[in-house]
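Observations on chain architecture
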Amino acid sequence: MDPTRQAIYECIQAAFADAGLNAVKSPAQIIVWPPIQDDVKEQIGIFIRGCVKDKLGVDPGELVGEIEFSSEKEPAMPVSDLIEVIFQVMQ
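Anyway, here's the lowdown on the structure attached to this text.

About the cut-offs
Residues numbered from 1 in each chain as written. Predicted model: local features only at pLDDT ≥ 70, side-chain atom pairs only at ≥ 80, totals over all residues. Heavy atoms only, no water. Helix = DSSP H or I, 4+ residues; strand = E, 2+ residues; numbered from the N terminus. Expected span 1.5 Å × (residues − 1). Buried < 20%, exposed > 50% of the residue type's maximum accessible area, 1.4 Å probe, protein only. Arc of directions from axis to C-beta. Contact = heavy atoms within 4.5 Å. Disulfide = S-S within 2.5 Å.

Notes on helix α2 (residues 38-56)
For α2, which comprises 19 residues, the first-to-last C-alpha distance of 27 Å matches the rise-based estimate of 27 Å (1.5 Å per residue) to within 8%. Among all positions in α2, only V40, K41, I44, G45, I48, C51 and V52 are buried. Buried residues of α2, viewed axially, fall in a sector of 140 degrees; they line one side. What points out from α2, more than 90 degrees from its buried face, is the exposed set D39, I46 and D54. Buried residues along α2 sit against α1 (3-18), α3 (64-73) and α4 (79-90). Just beyond α2, the residue with positive phi is G57, at close to 70 degrees.

Considerations on the side chain of S71
Within the fold, S71 resides in helix α3. For S71, the residues in contact, after removing those within four places along its chain, are W33 and K41.

A word on the state of the cysteines
Inspection of the entire model under this criterion finds one disulfide. Paired by a disulfide, C11 and C51 hold their sulfur atoms 2.1 Å apart. When the S-S torsion is -80 degrees, as for the bridge of C11 with C51, the disulfide is left-handed. Of this pair, C11 sits in helix α1 while C51 sits in helix α2, and the two are 40 residues apart along the sequence. There is no split in this pair, since C11 and C51 are both buried.

Shown next, in the form of structure tokens:
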């Protein structure tokens, strides 16, 4: 995993821990979105944005909408897919 994706992964791990959700232990782990409330998804998006800014010095932009859209499109999503969604938003 390249350094940018690694930083995003670490931010996802921290965001899920901050939200009190199951620990993210692998990029292959599946996120099951339907049980996660919308306000928690929003909290995750805000946390990841701040974390990425702190780690990489780059503002990835608004992620709440991306996370909500992705969670509807792919209700059972590997963490690696979420990493790619965020990485693509940053391009």
